[in-house]
Amino acid sequence: MEITEFNMDFFSLAGKVAIVTGGNTGIGRAFSLALAKCGANILVPSLIDDDGTTQKIIEETGSCYVFMEVDLTEEGVPQQVIEHCVEVFGTVDVLVNCAGLYFSDDVLRFDRSKWDPMIQLNLTAAFEMSHEASKVMILQKSGKIINICSLFSFLGGQQSPANVAAKHGLVGLTKAYCDELAGYNIQVNGIAPGYLTTDMMKNDREDPEINQQILAHVPANYWGSPADLMGALVYLASSASNFVNGHILPVDGGYLVR
């Protein structure tokens, strides 16, 4: 491509089809909306239904929204999701593996009852969704897979070894699938969000001591919001990032450099 060919259409997702797992709540909703605002039609598989808020904000952009209430950890469900997306929209252009589960406890109490469901959803389901989506993407010789990782893809972390293990595993999956799929013009990348003003982090924000510890570690000196992730996702989902592959992009206000 010549540099004179570059224009803002490289960031457009008009006519594209995106699957966002867990895309109707939390940061997943921000991801769904970001893709829809750039023209993509959205399919969201999730075990948690919402009050219709996600459908409303997606359809207000002019994009189509399809919801599937499913458990991605059940056998055969990832295949069913991909098949349904192809049936409804004709293809799969973008897969965002965002669905996740979080438990925390003291190390001596964090046992298989907490480990197994987190690994199954946060890592194994992401692999199975990627595996099924790649079957479609390889045939069309294009596609984007974006895994939602974490700061704890790079760090240790107390009280949730399953979260750390799964997020490290997502980095490995991202790199392995990049190596496997790049020859088919498929880009596989990840985003590692920092500390955000989500419901899951509400208790930490409201605890003065914990809040100050976190802010002291963020050069930007403030908590991010789900909106801070939306531009990064659009970039990785669009043709503007076609030569970016196997990369994990931290969006953390500089947390990892301090």
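- Looking at an unreviewed UniProt entry, the chain carries the name 2-deoxy-D-gluconate 3-dehydrogenase, with the source organism given as Enterococcus avium ATCC 14025.
- Recorded in UniProt under Sequence similarities (unreviewed entry), the annotation for the chain is "Belongs to the short-chain dehydrogenases/reductases (SDR) family."

1. Let's talk about the overall build of the chain
Now for step 1: In terms of helices and strands, the chain carries 8 helices and 7 strands.
Now for step 2: In terms of overall dimensions, the chain is globule-like: its C-alpha atoms have a radius of gyration of 18 Å, near the 18 Å expected for 258 residues.
Now for step 3: Viewed in the frame of its principal axes, the chain has a C-alpha envelope of about 50 × 45 × 40 Å.
Now for step 4: Taken over 258 residues, the chain has a buried fraction of 47%.
Now for step 5: Across the chain, every contact between residues at least 6 apart in sequence was considered, and the portion connecting residues at least 24 apart equals 70%.
Now for step 6: Only carbon and sulfur atoms are counted for the fraction: they give 53% of the accessible area of the chain, which is about 12700 Å².
Now for step 7: When the 15 positive and 30 negative side-chain charges of the chain are each reduced to one mean point, those points stand 4 Å apart.

The rules we used
- Residues numbered from 1 in each chain as written.
- Predicted model: local features only at pLDDT ≥ 70, side-chain atom pairs only at ≥ 80, totals over all residues.
- Heavy atoms only, no water.
- UniProt positions renumbered as here; feature names shortened; annotations may be inferred.
- Helix = DSSP H or I, 4+ residues; strand = E, 2+ residues; numbered from the N terminus.
- Rg over C-alpha atoms; globule rule 2.2 N^0.38 Å.
- Buried < 20%, exposed > 50% of the residue type's maximum accessible area, 1.4 Å probe, protein only.
- Contact = heavy atoms within 4.5 Å.
- Areas by Shrake-Rupley, 256 points an atom, 1.4 Å probe, with all protein chains shown as cover.
- Lys, Arg positive; Asp, Glu negative; His and termini not counted.
- Charge placed at Lys NZ, Arg CZ, Asp CG, Glu CD.

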